[in-house]
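The lines below spell out each chain.
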Amino acid sequence: MTAPASPAAPASPPPPPSTVRLTIEGIPVEVPPGTSILEAAKQAGVLVPHYCYHPGLPVAGVCRMCLVDVEKFPKLAPACATAVADGQVVHVHNEKAKKAREGVLEFLLINHPLDCPICDQAGECELQDYTFQEGRADSRYREPKRFNPVEDFGGDVLYVPNRCILCTRCVRFMSDVAQDPVLNVSERGDRAFIGKAEGHDLTHAWAGNVVDLCPVGALLSKDFLNKARAWELDRSASVCTGCSQGCNVVLETRDNVVVRVKPRSNTAVNQYYACETGRLHYRWMNRRDRLEVPLVRGEAGVPMPAAWEQAIAAAARTLAAAPRLVVLASAGLSNEALYLLSRIRGPGGEGVFRVETGPEAPLAGAPDLALRADRAPNGRGAELMGFARHDQPLAALQAGDTLLVADHDLAGLDLAALDRAGEIVVIGTTLPGELVSRVAVALPTCNVAEEEGTFTNLRGRVQRFLQAKAAPGEARPTWSVLGDVAEAMGRGRAPMLPADVFAALAGDHPAFGGLTYAGLGLRGLPVLDAAPAGGTS
Amino acid sequence: MTYGPSAGAKLATTPAHGHDDAPYQPVFTGAARDELETLCARYPSRQAALLPALWMIQEARGWVSDGAVEEVAQVLGVSAAHVRGVLTFYTMYHQHPVGKHFIQVCTTTPCNLCGAEDVVNAFLRHTGCGELGVTSDDGRFTVIEVECLGACGFATPVMINSRFLESVTPDAVPDVLEECD
Amino acid sequence: MGYPHPRHPRETPVLSEHFGDPAARTLAGWKARGGYQALEQALAMDPVAVQNVVKDSGLRGRGGAGFPAGIKWSFMKPDGKPHYLCCNGDESEPGTFKDREIMRWTPHALVEGVATAMHAIYAETGYIYIRGEFTEPLEAVTAAVREAYAAGILGANAMGTGRRLDIHVHKGAGAYICGEETALMNSLEGKRGNPRIKPPFPAVAGLFGKPTTINNVETLTAAAHVVRRGAEWYKAMGRPDNPKSTGTKLFSVCGNVARPGNYEVTLGFPFKDFLWELCGGAPDGRRIKAVIPGGSSVPILTAEECEAVFMDYEGMAAAGTLLGSGGVIVFDDTADMPRQIARLARFYAHESCAQCSQCREGTAWTTRILERICRGEGSFEDLDTLLEIGEQMSGKTICVLSDSCATPVASGLRKFRHEFEAKIGRKQGKAFVPSAYPTGLTPAAAGSAP
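Residues numbered from 1 in each chain as written. Chains lettered and ligands numbered in written order. Predicted model: local features only at pLDDT ≥ 70, side-chain atom pairs only at ≥ 80, totals over all residues.

*Asks:* For this particular structure, what's the right way to read the overall build of chain B?
*Replies:* The helix and strand tally for chain B stands at seven helices and five strands. Going residue by residue from the N terminus, the α and β elements of chain B occur as β-α-α-α-α-β-α-α-β-β-β-α. Going through the 181 residues of chain B one by one, you find that 52% of them count as buried. Contacts spanning at least 24 positions in sequence make up 63% of the contacts within chain B whose residues lie at least 6 apart. (Helix = DSSP H or I, 4+ residues; strand = E, 2+ residues; numbered from the N terminus. Buried ≥ 20, exposed ≤ 12 C-beta atoms within 10 Å, placed from the backbone. Contact = placed C-beta atoms within 7 Å.)

Below, the structure written as structure tokens:
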């Protein structure tokens, strides 16, 4: 039996003054003042169907799909454009609101072509989805449909006006977020379409996002055109390897081939967007000229296929016997791989890398988002693991050094320096032609799509990427191969899981202190020393 | 009754046929530029002078070409796409050349009740245009139907370029066309 | 009455007193007719006092919405921000042609009204937005503004009071939707004439994001009269038992009517007398069949329904329609209602700005169905579909253009269904013989197959 409550205590505590309390679909919600009903509904786990609203874009309120029934309001209210108020009771799925949505869907479909069988958007189309959920089962439209021919908008974007529902997300994205206002709404009434001025195309580095933003199949990627059906695709969370921004992406594969890259939302990194560089440069993940089996130099001086055990042992022997070891490590390797490489490198070795650079292309309307000059995902990680950036990294080679090439691209390097190397070991996804005659051991590894690990972006954010497809031949995850080599060299036990590598890494590097592999989730966390090494971006 | 343009206003002029391929000559130079700047000063933003600027282009050239869109965009500091969006929204701007005398007949319901469609047919017949929106072979006339001209009690109102004619009947059409050069 | 017909003795000419008199157009002519006394008076009063006179008079917006003008002005508080007055001269509602007469015959009356309102709302800048097709009103008002500046009535030192009053004329370019107050502001700002979502309301964030008041041409012109002659004078005009509708209004009469033109009567005037006595009924001995009393966006009345109506906001509402802009469109017994309603739907489809799904697609769909019915290719289901589409177009969009398209279709189908039904099956050679008008009989009840 509990003691009676003190008479001075209030029955329920009054809400703090800086929130608004309302009820949505019977669920009580508490949100900051100024929140829209649509956003407040998300908190209640209620999705208000909508098209033109997008959290990254200014509110338009034109599609009229999000009309909800707020008690005591004379008319249905657009949830995206109506602010919450204390005591509101909102119905999203009552007869009135559903009927209104049925009407919007019917109106959107009357001029919409019956393109589903040939439209790329099928299977991931919001018009299909909501119509199935709440639309009419029949069509009452008996008139000719409006027709306009397909237009090339430039860049990677095709515009199919017949399918357009004029939500204007693309127009608002280009003018407010990309700040390159090349799209408009042209004409009036049902003759309206998305237009652009002659000579001004969608060549902006971030213009491809309009394809993702488009809820229907009106804006299409030329790259993906007719390539695959949305429901055939397998999807894995990953991190873009195009530059050091570390945009969160999804790798979509069909039959073990990466066919598309789409952005994943992360308000700390890339909001909802990815640039064209990231979006369109994934074909390298499917290249077939891969190192598929371990190779060891045979008696004839030619690399011969070998079993893993032998090859690991040979590699370890060669590396351990090095008078001095230079590790040329790609800035595209994961933190885990780079950490294990640093173990292999040891205190006497030198770690170097080179990063391709290019012009920066910011997304002006998003905070701290750009295609970065560093065109590799983990330069920061490499630096944290004790690797030094060099324009000509092979200059570090002294006569007789052993060179370990860890998946580093040789293009643009002064290869004359290779003559100074004693032994060369390759651990990577390919065996460069220049090294075929010189390599002692070559161990095949997975690329970013075939293994999991973490990258550290230019702002020091550590983010996980997951495996999207199977590796070819006998290639194994980089961290696993390096772990075995390190163990064979007597430099620690081979870890069983990437999480174990990360734990060891975090243990040895205070900057990563407190981070756990699981704790990173799928949106990452910042390292303690979050200031970028060597100044700004 | 007719209300002609005041002295100084120019009727829309057009090139004889089709689009001209010569390089675009800017409109906003000299006095025209000064006039535009005076217009801009009336508003806190230059973009607000867009409709007046498009009118100036149309009065000078008879229609608004892609080159004109670029010029206006540049002079006012707005994007070409924005200018095109505005140009295509407002029906009085011409996106391509039209006949020297652009004949607009109101056929919305109040005028429709008073026989506006007969007036349209009379214009089509007497101009030789034959079809709405198509310029006559000699380039002199284009006839279109327009929505309510706000002169419903003076059916049927007709605009020829910017001249506003009231109470036009089918019988009056030949005389009206006589007055067009 | 308004030009070009002689005045009817039962009219009350206030705004239309000088229609047809070219001498009233000039500054000198206007002053000789009592002009600019109202502005002089207003400038000597506190803005709030001016607001109160107009509030007290009961003057309601004459553009169609009927919102009390004085109350609208009182939303504007002295907050140190630039305030704007927009004069809505975009008159494009089919059936309405009163503002053009005010502007071309008494442009100084408008300038005076605008300046008076600017003072009352703490504005230094006013824009008179005139639709691009109004060649003569544009010239007349532009000339009047020029004269007013030259005479020191406008400018940095309006009428010597030290107050700045700047008025600019802004020419539209062909869009009915720009008569909607927020679309007008967007158009003035050099954008597409898209209506805005409210809130924010114009009095809070309007033109260029600043507090703005938008008033119709007739409202502003009447306001100057109210300031000069007093609220009591204005209130005295109207039905004694209806104090909510006061003063006079210009009614634009057109269509199948003997004497089309603008008539100015006191609000509350009996519609029956108006139509048959003042306007002369239908021409050539024909019979009036239907009337749209307030511009094409309000419900249609049958001739019988008109006989008991009073011409004010409440009277029209009681009859199931609206006073609206006061554009009276008369249909006689030769009028083909389905064809005319189809033509109205085509108007709305042409003018839709394309923002809202229901309006953009619904106006066009409605038009296509109606035109197909008129071609004889319609079905009875189409009539039901039209009504359901109309329901879905009403109360769901940013502005009421969508509702305005649905209204004549719904009232037309309700009151003249037999005319629509007569066109069903025509092409296929089947005839449905309508019973005596109007009974609402369905084909099944009448015994003939559809």
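Still more to cover.
*Asks:* What am I meant to see in the overall build of chain A here?
*Replies:* Broken down by element type, chain A carries eleven helices and 26 strands. Taken over the C-alpha atoms alone, chain A extends approximately 85 × 75 × 40 Å along its principal axes. Split into buried and exposed, the 537 residues of chain A put 52% on the buried side. In chain A, once contacts between residues fewer than 6 apart in sequence are set aside, the share between residues at least 24 apart is 63%.

*Asks:* Just to check I follow, could you spell out the domain arrangement of chain A for this structure?
*Replies:* Frequently, the measure chosen for interface size is the accessible area removed from exposure when the parts meet. Taken domain by domain, chain A comprises domain 1 (20-105), domain 2 (144-286) and domain 3 (295-526). Computed from C-alpha coordinates alone, the two centres of domain 1 of chain A and domain 3 of chain A are separated by 50 Å. (Domains from an automatic or database assignment.)

*Asks:* How should the environment of glutamate 356 of chain A be read in this particular structure?
*Replies:* Residue and element names in this part refer to chain A. Summarising the element assignment, glutamate 356 is placed in the loop between β17 (350-353) and β18 (361-362). Each C-alpha atom, one on glutamate 356 and one on alanine 44, is 46 Å from the other, the two residues being 312 residues apart in sequence. Apart from residues lying up to four places away in sequence, glutamate 356 is in contact with Arg375 and Ala376.

*Asks:* Would you take a moment to explain the interface of chain A and chain C for this structure?
*Replies:* Each side of the interface is counted separately: chain A has 24 residues, and chain C has 25 residues. Taken together, the residues of the side of chain A that touches chain C sort by class into 14 nonpolar, four polar and six charged. (Nonpolar A, V, L, I, M, F, W, Y, C, P; charged D, E, K, R; others polar.)

*Asks:* Which parts of the structure should I look at to understand the domain arrangement of chain B?
*Replies:* As far as domains go, chain B holds domain 1 (12-89) and domain 2 (101-176). The straight-line distance from the C-alpha centre of domain 1 of chain B to that of domain 2 of chain B is 28 Å.

*Asks:* Please clarify how the interface of chain C and chain B should be interpreted in this entry.
*Replies:* Of the residues lining the interface, 46 residues belong to chain C; the matching set on chain B comes to 37 residues. Contributions of two or more residues to the side of chain C that touches chain B are made by α7 (135-150), β3 (166-171), α8 (181-188), β5 (248-255), β6 (261-266), β11 (327-332) and α14 (337-351) of chain C. Among the elements that take part in the side of chain C that touches chain B, α14 of chain C stands out by supplying six residues, more than any other. Partitioning the side of chain C that touches chain B into residue classes produces 16 nonpolar, 18 polar and twelve charged.

*Asks:* Explanation requested: helix α7 (residues 308-320) of chain A in the structure shown.
*Replies:* One turn of an α-helix holds 3.6 residues; hence residues three or four places apart share an orientation. With 13 residues, α7 of chain A extends 18 Å from end C-alpha to end C-alpha; this agrees with the ideal 18 Å at 1.5 Å per step. Along α7 of chain A, the residues classified as buried are Ala311, Ile312, Ala314, Ala315, Ala316, Thr318 and Leu319 of chain A. (Expected span 1.5 Å × (residues − 1).)

*Asks:* Looking at this structure, how should I read the environment of lysine 235 of chain C?
*Replies:* Residue and element names in this part refer to chain C. The topology assignment puts lysine 235 in helix α10 (residues 231-235). What makes lysine 235 partly exposed here is the crowd of 16 C-beta atoms within 10 Å. Sequence spacing of lysine 235 and alanine 354 is 119 residues, and the spatial spacing of their C-alpha atoms is 42 Å.

*Asks:* Please clarify how helix α2 (residues 50-61) of chain B should be interpreted in this entry.
*Replies:* All names here are of chain B. In this model α2 runs 16 Å from its N-terminal to its C-terminal C-alpha over twelve residues, within 8% of the 16 Å that 1.5 Å per residue would give. For α2, a buried count of nine out of twelve residues is recorded, marking the element as mostly surrounded by other parts of the structure. Residues Leu50, Leu51, Pro52, Ala53, Leu54, Trp55, Ile57, Gln58 and Arg61 constitute the buried set of α2.

*Asks:* Got a minute to help me understand the pairing of strand β22 (residues 424-428) of chain A in this structure?
*Replies:* Each regular strand displays side chains that alternate between the two surfaces of the sheet. Residues and elements named next belong to chain A. Among the five residues of β22, five are classified as buried, and the element is accordingly described as predominantly covered. What you see with β22 is no split at all: Ile424, Val426 and Gly428 on one side and Val425 and Ile427 on the other are buried throughout. Examined bridge by bridge, strand β21 (residues 402-406) and β22 share three bridges and lie parallel to one another. Residue pairing for β22: valine 405 is matched across the bridge by valine 426. When β22 meets strand β23 (residues 439-444), the two strands line up parallel, connected through five bridges. Across the sheet, isoleucine 424 pairs through a bridge with valine 439, a residue of β23. (Pairing = 2+ DSSP bridges.)

*Asks:* Even after reading the chapter, I still don't get the sheet that holds strand β12 (residues 248-254) of chain A, so can you show me in this structure?
*Replies:* Sheets are built from strands paired through backbone hydrogen bonds, the pairs being either parallel or antiparallel. Residues and elements named next belong to chain A. Strand order in the open sheet formed by three strands is β11-β12-β13, and the pairing between neighbours is antiparallel. In the strand order of this sheet, the two ends are held by β11 (234-239) and β13 (257-263), each with one partner. Neighbour-to-neighbour, the strand axes of the sheet open up by a mean angle of 30°, direction not taken into account. Examined bridge by bridge, β11 and β12 share six bridges and lie antiparallel to one another. The residue of β12 that forms the bridge with aspartate 234 is threonine 253. (Axes fitted to C-alpha atoms, helices over the stretch in contact; angles between N-to-C directions.)

*Asks:* I keep staring at the sheet that holds strand β7 (residues 157-159) of chain A and nothing clicks. Help me out?
*Replies:* Residues and elements named next belong to chain A. Taken in spatial order, the three strands line up as β6-β7-β10 in an open sheet, and their pairing is antiparallel. Where the open sheet ends on each side, the last strands, each with one partner, are β6 (151-154) and β10 (219-221). In this sheet, neighbouring strand axes are inclined to one another by 35° on average, regardless of whether the strands run parallel or antiparallel. In the sheet, β6 pairs with β7 via three bridges, with the strands oriented antiparallel. By the bridge assignment, aspartate 152 is partnered in β7 with leucine 158.

*Asks:* Would you take a moment to explain the environment of arginine 290 of chain A for this structure?
*Replies:* Residues and elements named next belong to chain A. Structurally, the position occupied by arginine 290 is in the loop between α6 (276-280) and β14 (295-297). Between the alpha carbons of arginine 290 and leucine 522 there is a distance of 29 Å; along the sequence they are 232 residues apart. Beyond its immediate chain neighbours, meaning those up to four positions away, arginine 290 contacts Thr429, Thr430, Pro444, Pro472, Gly473 and Ala475.

*Asks:* How should the confidence of the model for chain A be read in this particular structure?
*Replies:* Should the pLDDT be low somewhere, the predicted coordinates at that spot are not to be read in detail. In the predicted model, chain A carries a mean pLDDT of 94, and 96% of its residues have values of at least 70. In this model, residues 532-537 of chain A is a region of pLDDT below 50 whose contacts with residues beyond four sequence positions or in other chains number nine contacts. (pLDDT = per-residue confidence, 0-100.)

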